[in-house]
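Overview (structure and organization)
These are the residues of each chain, in order.
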2 protein chains.
Amino acid sequence: MALNLYDKEEFFQKYAQMPRSQKGLAAAGEWHELKKLFPDFREKAVLDLGCGYGWHCRYAAEQGALRVLGVDCSQKMLDQAAAKNSHPKVQYQLGDITQLELPAGAFQVIISSLAFHYVEDFSRLVENMKRWLSPRGELVFSVEHPIFTAQGPQDWHYGPQGEILHFPVDNYSMEGERKAVFLGESVKKFHRTLASYLNTMLDNGFTIKRVIEPTPPEDMMELPGMRDELRRPMMLLMACKLR
Amino acid sequence: MALNLYDKEEFFQKYAQMPRSQKGLAAAGEWHELKKLFPDFREKAVLDLGCGYGWHCRYAAEQGALRVLGVDCSQKMLDQAAAKNSHPKVQYQLGDITQLELPAGAFQVIISSLAFHYVEDFSRLVENMKRWLSPRGELVFSVEHPIFTAQGPQDWHYGPQGEILHFPVDNYSMEGERKAVFLGESVKKFHRTLASYLNTMLDNGFTIKRVIEPTPPEDMMELPGMRDELRRPMMLLMACKLR
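Residues numbered from 1 in each chain as written. Chains lettered and ligands numbered in written order. Predicted model: local features only at pLDDT ≥ 70, side-chain atom pairs only at ≥ 80, totals over all residues. Heavy atoms only, no water.

**Remarks on the overall build of chain A**
What chain A contains, in helices and strands, is 8 helices and 11 strands. Against the 2.2 N^0.38 benchmark of 18 Å for 243 residues, chain A shows a C-alpha radius of gyration of 17 Å, consistent with a compact globule. Expressed as lengths along the three principal axes of its C-alpha atoms, the size of chain A is roughly 55 × 40 × 35 Å. Scored against the burial criterion, the 243 residues of chain A give a buried share of 60%. The long-range fraction of contacts in chain A, counting pairs at least 24 apart against all pairs at least 6 apart in sequence, stands at 67%. Accessible surface, chain A: about 10,200 Å² in total, of which carbon and sulfur atoms supply 49%. (Helix = DSSP H or I, 4+ residues; strand = E, 2+ residues; numbered from the N terminus. Rg over C-alpha atoms; globule rule 2.2 N^0.38 Å. Buried < 20%, exposed > 50% of the residue type's maximum accessible area, 1.4 Å probe, protein only. Contact = heavy atoms within 4.5 Å. Areas by Shrake-Rupley, 256 points an atom, 1.4 Å probe, with all protein chains shown as cover.)

Here you go:
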């Protein structure tokens, strides 16, 4: 399972200190864009793949979803979800999103935030999602941007004074495993090209509705490091719909 | 007009020495991918925006197009097109693709190779293309990749021995003019994000059919520099269709 890192106490303690863990959606720099991509949740059955703390599950429920299933492979994450984001319409389930078995056509909407770059076989996941969705079902997801995952280390290139010079891209067309450092731990991720993300959706009967490379909202721009996020794309958001 | 650079004698002489100028389609590293995106040209009226030497115009005619209009703003380019790629079904016209006036619905297919990154107002161009196309018309184009245009100089970042370290990305989210060096001349180009390219198409009623970030074909891989093209995306190819 890709993500049992999140069950390592030391790593999880650091993750728990991140603004987005402490404060939820309002502290996530991409939330103002992701929110706009979400479809109308009213009366919909919603699946959240890699739900983490469950912020999006609760949001979907509060927006009128019929029921929400949040799946994550970390029990520590789900404990936080239960503590912070319980809702009568939301069910949390421990599981690896790549091993999940769910009834066909059971959901009208699938959402996923920053989970798919941990998945090695994206095609297989998209085939599964297609099966789990009902006709004309919708999928909205965010991943680390292919430019951000290409080289591996996911760090800026610095000058002699430690100043940021630019963001380095390398091995872009070579898809596969990368070792990044996140919160001081080595993390295994999978790099895919942008064309792969788009064409895998198209090949599985999805239409592309919107693609966003989010920049931080104005009111976050003065936080440390935020303005540098204009210099490279860090995340890729995509809204798709089954034909 | 963006491209009168191509009418500068010194620049044009250098351009004329490039393999793709000398040998045409077979010498263009992306041709094997672009070709696959082209629709069936039989009985279609085809417009080629920024046709250059006219290689694609002649190809479309040879594939059975009813008529092909190739437009370019460089008379030197069109002289070469007339000399190398004349065909009874192909007409070449001198003109700036951003100032062009054409009848509505006159074409079933629009193609364009490596021209749109010279265009400042992409939205306006896409609105025009939508008008020039008939219902369910198709558009296939290539541009320099947003990763390639982001920083400006379009050169690798080198180590102390002059070896390539990686490709630098900077100012990605700041769209607009860039000064690149191409064949020893300063060239004005316009950087746009990948999301801009995709969403401008979507906003104008196109569906995305395919997106390709081409890598060189196997039989070119041993040519100087070709293997390095796996390290960064240099071109973006897109096939779209009016809904």
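**Notes on the relation of the copies chain B and chain A**
At an RMSD of 0.0 Å, chain B and chain A line up after a rotation of 180° and a shift of 0.0 Å along the axis. Such values leave the two copies arranged in the relation of a two-fold axis. Among all C-alpha atoms of chain B, that of Pro168(B) lies closest to the rotation axis, at 2.5 Å. A symmetric contact is evident, with 100% of the interface residues of chain B recurring at the interface of chain A. (Least-squares fit on C-alpha atoms with pLDDT ≥ 70 in both.)

**Let's talk about helix 4 (residues 55–62) of chain B**
Residues and elements named next belong to chain B. Within helix 4, 6 of the 8 residues are buried, leaving the element largely enclosed by the surrounding structure. Buried within helix 4 are the following residues: Trp55, His56, Cys57, Tyr59, Ala60 and Ala61. The positive-phi residue at the C-terminal boundary of helix 4 is Gly64, with phi of around 105°.

**With respect to the pattern of salt bridges**
All names here are of chain A. In this structure the tally under the stated criterion is 30 salt bridges over all chains. Residue Lys36 pairs with Glu33 through a salt bridge whose shortest N-O separation is 3.4 Å. Of this pair, Lys36 and Glu33 both sit in helix 3 (residues 31–37), 3 residues apart, which is roughly one turn of that helix. Among the residues examined, Glu33 registers a relative accessible area of 16% and is labelled buried. Here Glu144 and Lys189 are joined by a salt bridge, their closest N and O atoms 2.7 Å apart. Of the two residues, Glu144 sits in strand 5 (residues 133–144) while Lys189 sits in strand 9 (residues 185–191), which places them 45 residues apart along the sequence. (Salt bridge = Lys/Arg side-chain N within 4 Å of Asp/Glu carboxyl O.)

**Comments concerning the pairing of strand 3 (residues 90–94) of chain B**
Residue and element names in this part refer to chain B. In this structure, strand 2 (residues 67–72) lies alongside strand 3, joined through 5 bridges in parallel fashion. Each bridged residue has a counterpart across the sheet, and for Leu69 the counterpart in strand 3 is Gln91. Crossover handedness for the path strand 2 to helix 5 (residues 75–84) to strand 3: right-handed. (Pairing = 2+ DSSP bridges. Right-handed = clockwise from strand over helix to strand, strands pointing away.)

**Observations concerning the interface of chain B and chain A**
Taken together, the 32 residues of chain B in the interface contact 32 residues of chain A. When chain B packs against chain A, close to 2,700 Å² is buried across both sides, 54% of that on carbon and sulfur atoms. One salt bridge in this structure joins Arg210(B) and Asp203(A), with 2.6 Å as the shortest N-O distance. Linking chain B to chain A there are 24 residue pairs in polar contact (both at pLDDT 80 or more). Of all the secondary structure elements, the ones that give two or more residues to the side of chain B that touches chain A are strand 7 (164–169), helix 8 (194–203) and strand 10 (206–212) of chain B. A breakdown of the residues in the side of chain B that touches chain A according to their chemical character gives 16 nonpolar, 8 polar and 8 charged. The pairing of strand 7 (residues 164–169) of chain A with strand 7 of chain B spans 3 bridges and is antiparallel. Residue pairing for strand 7 of chain B: Pro168(A) is matched across the bridge by Pro168(B). (Buried area = accessible area lost by both parts, 1.4 Å probe. Polar contact = N/O pair within 3.5 Å; in protein donor to acceptor, adjacent residues only side chain to side chain. Nonpolar A, V, L, I, M, F, W, Y, C, P; charged D, E, K, R; others polar.)

**Focus: the packing of aromatic side chains**
Residue and element names in this part refer to chain A. Tallied over the full model, the rule gives 38 aromatic pairs over all chains. One aromatic cluster in this structure is built from Tyr6, Phe11, Phe12, Tyr15, Tyr53, Tyr118 and Phe182. The positively charged end of Lys189 is found above the aromatic ring belonging to Phe182, 5.6 Å away from the centroid. (Phe/Tyr/Trp six-rings, centres within 6.5 Å; stacked < 30°, edge-to-face > 60°. Lys NZ or Arg CZ within 6 Å of the ring centre and 35° of its normal.)

**Thoughts on the sheet that holds strand 7 of chain A**
Judged by pairing direction, the sheet is antiparallel, and its 4 strands sit side by side in the order 6(A)-7(A)-7(B)-6(B) without closing on themselves. The sheet terminates laterally at strand 6 (157–158) of chain A together with strand 6 (157–158) of chain B, the two strands that pair on one side only.

**Let's talk about empty space enclosed by the protein**
Residue and element names in this part refer to chain B. As enumerated under the stated definition, the model contains 2 cavities of 30 Å³ or more in all. For the second largest cavity, the calculated volume is near 40 Å³. Of all the secondary structure elements, the ones that give two or more residues to the lining of the second largest cavity are strand 4 (107–113) and strand 5 (133–144). Ranked by the residues each element gives to the lining of the second largest cavity, the list is headed by strand 4, at 3 residues. (1 Å grid on protein atoms, 1.4 Å probe; cavity = no way out; pocket = protein on both sides within 12 Å on 5 of 7 lines; lining within 4 Å. Points joined across faces, edges and corners; volume = space filled by probe spheres on them.)

**Remarks on the sheet that holds strand 3 of chain B**
Residues and elements named next belong to chain B. Spatially, 7 strands are ordered 3-2-1-4-5-11-10 in an open sheet, and the strand pairing comes out mixed. A strand with exactly one partner marks an edge of an open sheet, and here the two such strands are strand 3 and strand 10. In this sheet, neighbouring strand axes are inclined to one another by 15° on average, regardless of whether the strands run parallel or antiparallel. Pairing of strand 4 with strand 5, which is carried by 6 bridges, proceeds in the parallel orientation. (Axes fitted to C-alpha atoms, helices over the stretch in contact; angles between N-to-C directions.)

**Overview of the packing of helix 6 (residues 122–132) of chain B against helix 8 of chain B**
Residue and element names in this part refer to chain B. Viewed as axis vectors pointing N to C, helix 6 and helix 8 meet at an angle of 35°, and their least axial separation amounts to 10 Å. In the crossing of helix 6 with helix 8, the sense of the turn from one axis to the other is right-handed. Facing Phe122, Ser123 and Val126 of helix 6, the residues of helix 8 in contact are Tyr197, Thr200 and Met201. (Left-handed = near helix turned anticlockwise from the far one by under 90°.)

**Things to note about the environment of Arg210(B)**
Along the polypeptide, Arg210(B) turns up in strand 10. The spacing of Arg210(B) and Met238(B) is 28 residues in sequence and 5.7 Å in space, taken between C-alpha atoms. Sequence-distant contacts of Arg210(B), defined by excluding residues within four places in its chain, comprise Asn199(A), Leu202(A), Asp203(A), Leu37(B), Leu237(B), Met238(B) and Ala239(B). A polar atom in the side chain of Arg210(B) sits 2.6 Å from the side chain of Asp203(A).

**Regarding the environment of Glu229(A)**
Tracing the backbone shows Glu229(A) in the loop between strand 10 (206–212) and strand 11 (235–242). Each C-alpha atom, one on Glu229(A) and one on Pro216(A), is 7.2 Å from the other, the two residues being 13 residues apart in sequence. Those residues within four positions of Glu229(A) in sequence are excluded, and the remaining contacts are Pro216(A), Met234(A) and Ser173(B).

The analysis is restricted to geometry; functional conclusions fall outside its scope.
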